[in-house]
Amino acid sequence: MRIGIRILAGVFLAWMTTAGIASATADEVDDLFSTPAADAPPAVPDNGGSLLAAYQKSQEKIAFSFDLSAGGGFYAGYRVTPDLADTSRNFTHNSFGGLTISPSIDVRPFDYFRLHGSGTILYPTVTSGNYAFGASLNELFFDYSAPGLLALRMGRFSTGWGNARILGIADLSNRTVDTTNLDSSISILPAWLQATQPSLWLKTTFPIGGIGFTGLVGLPANDSEGISSLGYGLLTELVKNKTCVSLAGYYKSDRTPRLAFMVKTSVKRLDLFLDTTTSFPTSGDPLLNAVGGLYWQASSGPDLKITAELKWNGENPTGSTTLVPDPIVIGGLSNALAFSWSDIGGSALSIGGTWYHSWVDNSGALCPYVDIDLGRLASIKMVFPWVYGADGSLYRSSPPGEAGGYVFGAGFVLALKTSF
């Protein structure tokens, strides 16, 4: 049994939730195209063998771990409420802190079967005006794999389609989730804000020749939903050398039907991609969304990462008049650029930032950050968001997650950490 404990940082997730912020980039689940490797049989000790080593080997079929996070900080600035019906705004400040325990268990009695579960216990959680412990089930699913034939996953887990790292549009099954935040590889958010947003799914994956097919069914979320409330998706992928071509579709009764076409390739250390979606409103012509971009990471020397993306949102072309009931908020033409430089000169200092801009109303956001690693026990992160544009503009009304709901502000976070 492997047990790991890490004290990483504190949580102000409840405050971020009230600001209307959701992370799009959750932790990725295991790829169902991969068949779980068979566990090696327990070693049989000879006269000089280690009984402890043999015992540890025999326990690899069950793995248990948990994370313990604690810390806090301070945030101050000029804030605009995300609710468009509420025009209140003021200078404000927030102190935050908390404790989170995240247990996880993985059971693999056979090489073709796996059971996985994880949860979160959070303090403080505000309940009826009082501080209390809160608990949630993050994931609970089982995998069944028939080598070379079929992989099946059923339960509560996260899914994700598309290649965009910032301005996602092709994640059809999760279109109600805010996808305007960076993924974990270049995120300036503290790590403890990266939360999965799972749902109940039935997922099957099977290859036919060189093409892989993934079927997805969204299961009922409450007892009032029936067969008519299920969601249905199909993803087809063709991989050849460094290029992946994908075609996907998703239908649910309370969402606009959509198809997605995605291409990703690599040229001279540049990852290039194009994601497109076509939506089919109840009246009118089909509508096109598209995101193109690139990702680059230095292979040697300074640890540099750059992401650049350009998006066209045809479901909301003017940023004010939506043509479908469930569009992405930032409409029309927009772009995002992210940069990070880690461990500068071999030191504990890292810097980076993200620039968002809408070409519809020339609003946007600049979100630079500084991260200082103080060693094994602590780190400091400082964020300085600035959202620009006229009152009521797209980014002033819907600031990105890194801004924390502030038009202008500064955040300071002290994170305690250790490992065993």
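The residue numbers shown here count from 1 along each chain, following its written sequence. Owing to the predicted nature of the model, reporting of local features is limited to residues with pLDDT of at least 70; listing and counting of side-chain atom pairs is limited to 80 or more, with chain, interface and lining totals taken over all residues. By convention in this description, side-chain values take in all heavy atoms of the structure and omit both hydrogens and water.

**Structural notes on the pattern of salt bridges**
- Any Lys or Arg side-chain nitrogen found within 4 Å of a carboxyl oxygen on Asp or Glu counts as a salt bridge. One pass over the full model with this rule turns up nine salt bridges.
- A salt bridge links Arg114 to Asp143, with the shortest nitrogen-to-oxygen separation between them at 3.4 Å. Of the two residues, Arg114 is situated in strand E3 (residues 113-127) and Asp143 in strand E4 (residues 130-146); the sequence distance between them amounts to 29 residues. Each member of the pair, Arg114 as well as Asp143, is classed as buried.
- Within the structure, one salt-bridge network assembled from shared partners comprises Asp106, Arg108, Arg114, Asp143 and Arg153. Secondary structure is summarised from DSSP: a helix means a run of H or I of at least four residues, a strand means a run of E of at least two, and numbering begins at the N terminus for each. Per-residue accessibility, obtained with a 1.4 Å probe over protein chains only, is compared with the maximum for each type, and a residue is labelled buried under 20%, exposed over 50%, and partly exposed between these values.

**Overview of a nonpolar patch on the surface**
- Like-charged residues are merged into a patch within 9 Å and nonpolar side chains (Val, Leu, Ile, Met, Phe, Trp, Tyr) within 5 Å, provided each residue has over 30% relative accessible area and no salt bridge. Only the protein chains shown count as cover for residues, with accessible areas throughout obtained via the Shrake-Rupley method and a probe of 1.4 Å. Nonpolar side chains collect at one region of the surface, where Phe74, Leu374, Phe412, Leu414 and Leu416 lie side by side and expose about 430 Å² of accessible area between them.
- In terms of residue count, the dominant contributor to the nonpolar patch is strand E19 (residues 406-416) (three residues).

**A closer look at the environment of Ser358**
- Here Ser358 shows up in strand E15 (residues 349-358).
- Under the relative-accessibility criterion, Ser358 is labelled buried at 0%.
- Put simply, Ser358 and Ile330 are 28 residues apart on the chain and 7.5 Å apart in space, counted from C-alpha to C-alpha.
- Contacts are assigned to residue pairs that have any heavy atoms within 4.5 Å of one another. In contact with Ser358, other than residues within four places in its own chain, are Ile330, Gly331, Leu333, Ser334, Ser363, Leu394 and Tyr395.

**Some words on the packing of aromatic side chains**
- Stacked, edge-to-face and tilted labels apply to pairs of Phe, Tyr and Trp rings (six-membered ring for Trp) whose centres lie within 6.5 Å, assigned for plane angles under 30 degrees, over 60, and everything in between, in that order. Scanning the model with the defined rule gives twelve aromatic pairs in all.
- Their ring planes at 40° and their centres at 5.9 Å tell us that Tyr356 and Tyr395 sit as a pair that is tilted. Placement of Tyr356 in strand E15 and of Tyr395 in helix H3 (residues 394-397) is noted, with a sequence separation of 39 residues between them.
- Taking relative accessible area as the criterion, Tyr356 reaches 0% and is therefore assigned buried.
- Looking at Tyr395, the relative accessible area reads 3%, which means it is buried.
- Through pairs of rings, three or more aromatic residues link up here, namely Phe110, Tyr112 and Tyr144.
- For a lysine, the NZ atom is tested; for an arginine, the CZ atom; a charge sits over a ring if that atom is within 6 Å of the ring centre and within 35 degrees of the ring normal. Between Arg153 and the ring centre of Phe157, over which it is positioned, the NZ or CZ distance is 5.5 Å.
- Note that Arg165 overlies the ring of Tyr295, its terminal NZ or CZ placed 3.7 Å from the centroid.

**With respect to the environment of Met154**
- Turning to its location among the elements, Met154 is positioned in strand E5 (residues 150-157).
- Sequence separation of Met154 and Leu216 is 62 residues, and the distance between their C-alpha atoms is 9.8 Å.
- The contact partners of Met154, leaving out residues within four places of it in the chain, are Leu140, Phe141, Phe142, Trp201, Leu202 and Leu219.

**Things to note about empty space enclosed by the protein**
- Cavity: a set of points on a 1 Å grid over the protein atoms alone where a 1.4 Å probe fits but cannot get out. Pocket: an open set with protein on both sides within 12 Å along at least five of seven lines, its lining residues, like those of a cavity, having an atom within 4 Å of a point. Grid points are joined across faces, edges and corners, and a volume is the space filled by probe spheres set on the points. Applying the stated criterion to the full structure yields four cavities of 30 Å³ or more.
- Asn163, Arg165, Lys264, Asp271, Leu272, Phe273, Leu294, Tyr295 and Thr307 together form the lining of the second largest cavity.
- Of all the secondary structure elements, the ones that give two or more residues to the lining of the second largest cavity are strand E11 (270-279) and strand E12 (287-297).
- Of the residues forming the lining of the second largest cavity, the biggest block, three residues, is contributed by E11.
- Each residue receives one of three labels: charged for Asp, Glu, Lys and Arg, nonpolar for Ala, Val, Leu, Ile, Met, Phe, Trp, Tyr, Cys and Pro, and polar for the others, Gly being one of them. Class assignment for the residues of the lining of the second largest cavity results in four nonpolar, two polar and three charged.

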